[in-house]
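Chain by chain, the residues run as shown.
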Amino acid sequence: MSGGGSTQVLANALGRLARFSIGVGVLSGLAQSSLYVVNGGERAVIFNRFSGIEQNVRGEGMHFNIPWVQRPVIFDVRTRPHAINSVTGTNDLQMVNLTLRVLSKPDKEKLPIIFSTYGLDWDDRVLPSITNEVLKAIVAQYNAEQLLTQREAVSRHIRETLTARAKQFHIELDDVSMTHLTFGREYASAIEAKQVTQQEAERSKYIVQVAEQEKIAAVVRAEGESTAAQLISDAMAKSGDGLLQLRRIEAAKEIASTLSRSRNIVYLPKGSNVLLNMG
């Protein structure tokens, strides 16, 4: 009898322990489902099954919610890069391929509106469409040459217009830059042909300048020789044949100096003073 009583007591104790464990598990599950954490660089928007999206945005940290009734939706609010490509036409009917690098993030205070209107993939839904819209409107105001020569001004125009347009969708742009710009094959060939023509024109211009300089040098050289001949003539007229004799002496000295440096001649040959005997 005592053995049966002990068994009954043990069974009752185990039953109470099981019920307690189940209660603890249920409470633990409820507590866990009623807590959520918002990490750094994130914000939470609460969807309420009865009232819809709540307008209060939760910041970083641990928060409580009512299980089943409230569901937190986590947004990444850090700046993210996007590369957006667009093919559009200039005002001189040239096709240009543009690539923009856009750094964007959502307006933290407008997250409930963004979630209800565009969802979590707001950037993929909004940015490509408004970027193409802005690019086509701005590029059409410039011709192909201006896109190349005024690239910084065009990029600034695109950045200012796109930033204002994105603000209408509660999107903040930290930076917009034009990273790639190419034209169609026909325009590239035309530019190459133009560059070749310009190089040929510069080369022809250089040749003409060289010819003009050579002409001027020839005239100056001729004038110098004429002046020198006139001076020699005047000197000979004044000094008789004195200048001529001086020239002969100088020529004879030069010949003698040249012969003396030759390895095969050890003395001045007879007749080497022929210029000295002329007269």
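For the structure given in this document, a descriptive report is provided here. For clarity, every value in this text was computed on a predicted model and none was experimentally measured. (Residues numbered from 1 in each chain as written. Predicted model: local features only at pLDDT ≥ 70, side-chain atom pairs only at ≥ 80, totals over all residues. Heavy atoms only, no water.)

This part covers the side chain of Thr90. You can see Thr90 is positioned in the loop between strand E6 (80-89) and strand E7 (95-106). Residues contacting Thr90, with those up to four places away along its chain left out, are Val96, Val139, Ala140, Tyr142, Asn143, Ala144 and Leu147. (Helix = DSSP H or I, 4+ residues; strand = E, 2+ residues; numbered from the N terminus. Contact = heavy atoms within 4.5 Å.)

Taking 1.5 Å per residue as the helical rise, helix H5 (residues 151-167) with its 17 residues ought to reach 24 Å, and the 24 Å between its terminal C-alpha atoms agrees with that figure. The complete set of buried residues in H5 reads Val154, Ser155, Ile158, Leu162 and Ala166. All buried residues of H5 fall inside an arc of 95° around its axis, so they share one side. The exposed residues of H5 that point more than 90 degrees off its buried face are Glu152, Glu160 and Lys167. (Expected span 1.5 Å × (residues − 1). Buried < 20%, exposed > 50% of the residue type's maximum accessible area, 1.4 Å probe, protein only. Arc of directions from axis to C-beta.)

Turning next to the nonpolar core. Ranked by internal contacts, the top residues of the largest apolar core, which has 36 residues, are Phe75, Leu100, Leu147, Ile158, Leu162, Ile171 and Leu173. At the level of elements, strand E5 (70-76), E7, helix H2 (111-117), helix H3 (122-139), helix H4 (144-149), H5 and strand E8 (171-183) are the ones that each hand at least two residues to this core. It is H3 that provides the largest number of residues to this core, a total of 8 residues. Formed jointly, this core draws a minimum of three residues from each of two domains, domain 1 (32-77) and domain 2 (80-183). Those residues in contact with Leu162 that sit more than four places away from it in its chain are Leu100, Val102, Ile130, Thr131, Val134, Leu173 and Val176. (Core = buried A, V, L, I, M, F, W, Y, C linked by side-chain atoms within 4.5 Å. Domains from an automatic or database assignment.)

Turning our attention to the sheet that holds strand E2 (residues 42-48). Either a parallel or an antiparallel arrangement is found when strands of a sheet pair, and the pairing is made through backbone hydrogen bonds. With respect to topology, 3 strands assemble into an open sheet ordered E3-E2-E5, the strand pairing being antiparallel. Edge positions in the sheet fall to strand E3 (52-58) and E5, since each has one partner strand and no second. Adjacent strand axes in the sheet meet at a mean angle of 30° when their direction is disregarded. Across 7 bridges, the pairing between E2 and E5 is antiparallel. The partner of Ile46 across the bridge, within E5, is Pro72. (Pairing = 2+ DSSP bridges. Axes fitted to C-alpha atoms, helices over the stretch in contact; angles between N-to-C directions.)

By the definition in use, this model includes 3 aromatic pairs. When the ring of Phe50 is compared with that of Trp68, the centres are 6.2 Å apart and the planes differ by 65°; the resulting orientation is edge-to-face. Linking Phe50 in the loop between E2 and E3 with Trp68 in the loop between strand E4 (61-64) and E5, this pair joins segments that are 18 residues apart in sequence. Residue class for Phe50 comes out exposed when judged on its relative accessible area of 66%. Classification of Trp68 by relative accessible area gives exposed; the value is 60%. Positioned above the aromatic ring of Trp68 is the side chain of Arg49, whose terminal nitrogen or guanidinium carbon lies 4.9 Å from the ring centre. (Phe/Tyr/Trp six-rings, centres within 6.5 Å; stacked < 30°, edge-to-face > 60°. Lys NZ or Arg CZ within 6 Å of the ring centre and 35° of its normal.)

Nothing here speaks to function; it is all geometry.
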